[in-house]
Amino acid sequence: LGFGWSRPENRDGIVYRWISHLEADVYVDLPATAPMDFWIQAAPYYLSWKQQNIGLYANGKFVDELVCPADSEFHAYRFVIPADVLKEGRNTLTLRMGYRYRAPRDKRELSLRVQQVLLRAR
């Protein structure tokens with residue numbers, strides 16, 4: 001993990017990290033390029049009047065965007081990354097959020113709670 005992530009937290013046996021900025025980076029080293037599925041198990045910081053958007057960029061190129069359900073539960077989200085935006089060696093996957101919010105009794109501004117990320121060849 002790169003820029004934008006908080007330290008790991010554990011609540012009721014569930015380990016996760018918050019994205020505490022409007023974007024966060026995931027670094028991935030690939031031996032070759034191929035289409036990939038990028039899965040993220042995540043929950044937005046819930047605001048009843050707003051839905052969280054998540055955009056995915058691979059090496060600075062836009063891949064796709066989705067909208068989280070209007071709740072605070074963890075959901076699995078999948079992005080399909082085409083081979084032409086990936087490269088051999090180090091790749092930077094950037095998650096860009098629609099909003100972040102300062103939680104009561106917390107000094108951080110939070111956008112997305114992430115339990116797991118997974119990258120698989122298609």
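Colleague: What is the right way to look at the packing of aromatic side chains in this model?
Modeller: Inspection of the entire model under this criterion finds seven aromatic pairs. Here the aromatic rings of Trp18 and Tyr45 are separated by 6.0 Å at their centres, their planes lie at 50°, and the arrangement is tilted. Taken together, the positions of Trp18 in strand E2 (residues 14-19) and Tyr45 in the loop between strand E4 (36-44) and strand E5 (53-58) put the pair 27 residues apart, joining distant regions of the chain. Tyr45 shares its class with Trp18; the two are buried. By way of ring pairs, the aromatic residues Tyr16, Trp18, Tyr45, Trp49, Phe74 and Tyr101 are connected into one cluster. We note Arg96 situated over the ring of Tyr57; from NZ or CZ to the ring centre the distance is 4.0 Å. Geometry around Tyr16 places Arg113 over its ring, the cationic atom sitting 5.3 Å from the centre.

Colleague: What am I meant to see in the sheet that holds strand E11 (residues 112-121) here?
Modeller: Strand pairing in a sheet relies on backbone hydrogen bonds. The paired strands run either parallel or antiparallel. The strand order E1-E2-E11-E4-E7 describes an open sheet built from five strands, whose pairing is antiparallel. Every interior strand has two partners, whereas the edge strands, strand E1 (9-11) and strand E7 (75-81), have only one. Averaged over all pairs of adjacent strands, the angle between their axes in this sheet comes to 45°, without regard to strand direction. Relative to E2, E1 runs antiparallel, the two being bridged by three bridges.

Conventions and cut-offs
Residues numbered from 1 in each chain as written. Predicted model: local features only at pLDDT ≥ 70, side-chain atom pairs only at ≥ 80, totals over all residues. Heavy atoms only, no water. Phe/Tyr/Trp six-rings, centres within 6.5 Å; stacked < 30°, edge-to-face > 60°. Helix = DSSP H or I, 4+ residues; strand = E, 2+ residues; numbered from the N terminus. Buried < 20%, exposed > 50% of the residue type's maximum accessible area, 1.4 Å probe, protein only. Lys NZ or Arg CZ within 6 Å of the ring centre and 35° of its normal. Pairing = 2+ DSSP bridges. Axes fitted to C-alpha atoms, helices over the stretch in contact; angles between N-to-C directions.

So far we have only geometry, and geometry alone does not tell us how the molecule works.
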